[in-house]
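Remarks on the overall topology
Residues per chain, in single letters:
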Amino acid sequence: MPPPTLRKPSKALRNAESRHLAPLDVPASGDIQVLARLWNTIEGRRTAGDTTISHSARLLARGTAKVAQKLGEEAVECVIEATQGNRAATVLESADLVYHLLVLWVDAGIRPEEVWAELVRREGISGIAEKAARPKGIVRAAQTTKLP
Ligand SMILES: N=c1c2ncn([C@@H]3O[C@H](COP(=O)(O)OP(=O)(O)OP(=O)(O)O)[C@@H](O)[C@H]3O)c2ncn1[C@@H]1O[C@H](COP(=O)(O)O)[C@@H](O)[C@H]1O
């Protein structure tokens, strides 16, 4: 039997249940392109960035472990704000998180198109079916512990 705290809906979930958000407009181009611009900027910092003035260049120069650690820290900060129901702070932490995810992609030599293609491939497939059909060849070191 799980502890009672696991059954209690979070404040964020309770808020979500009581609101209706209109679907996003999906422009052919627009603000979403900021991700591509940001990846280009960070990749440029990797190759020609000045570590005295560029946070991206400095972080990339510290190596993969530091890049990954920063992403983890930003994820935790985002989770804390969301679970506290701090909407404005969650937006700010989300931006930090996305930026640090792009730094991790640059460090790993991953282009955004690879991730977009994977998201497009998954469109319309339920998460449960997708997980069952995952290729066995790709080793995933990270394993999550299942909660009841
Ligand atoms: N979106 C961001 C962005 N979000 C967060 N951050 C920085 O991330 C850092 C996080 O601070 P922390 O104290 O958590 O981390 P830290 O300074 O590495 O400290 P330690 O963990 O090492 O102690 C801050 O310096 C933030 O300013 C960002 N830095 C840059 N960008 C974008 O990247 C572009 C290029 O930035 P530079 O590489 O700095 O030129 C900018 O124009 C922005 O568009």
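The rules behind the values
Residues numbered from 1 in each chain as written. Predicted model: local features only at pLDDT ≥ 70, side-chain atom pairs only at ≥ 80, totals over all residues. Heavy atoms only, no water. UniProt positions renumbered as here; feature names shortened; annotations may be inferred. Salt bridge = Lys/Arg side-chain N within 4 Å of Asp/Glu carboxyl O. Buried < 20%, exposed > 50% of the residue type's maximum accessible area, 1.4 Å probe, protein only. Helix = DSSP H or I, 4+ residues; strand = E, 2+ residues; numbered from the N terminus.

Looking up the protein in an unreviewed UniProt entry gives the name Phosphoribosyl-ATP pyrophosphatase, with the organism given as Roseomonas haemaphysalidis. Recorded under Catalytic activity (unreviewed entry), the UniProt text for the protein is reproduced unchanged: "1-(5-phospho-beta-D-ribosyl)-ATP + H2O = 1-(5-phospho-beta-D-ribosyl)-5'-AMP + diphosphate + H(+)".

Take the pattern of salt bridges next. As enumerated under the stated definition, the model contains five salt bridges in all. Close ionic contact of Arg111 with Glu113 constitutes a salt bridge, the shortest N to O distance being 3.0 Å. Using a relative accessible area of 43% as the deciding quantity, one classes Arg111 as partly exposed. Notably, a salt bridge pairs Arg122 with Glu118, separated by 2.8 Å at the nearest N-O pair. With Arg122 and Glu118 both in helix α7 (residues 112–122) and four residues apart, this pair spans about one turn of that helix. The partly exposed category is assigned to Glu118, whose relative accessible area is 27%. Taken together, the shared-partner salt bridges connect Glu118, Arg121 and Arg122 into one network.

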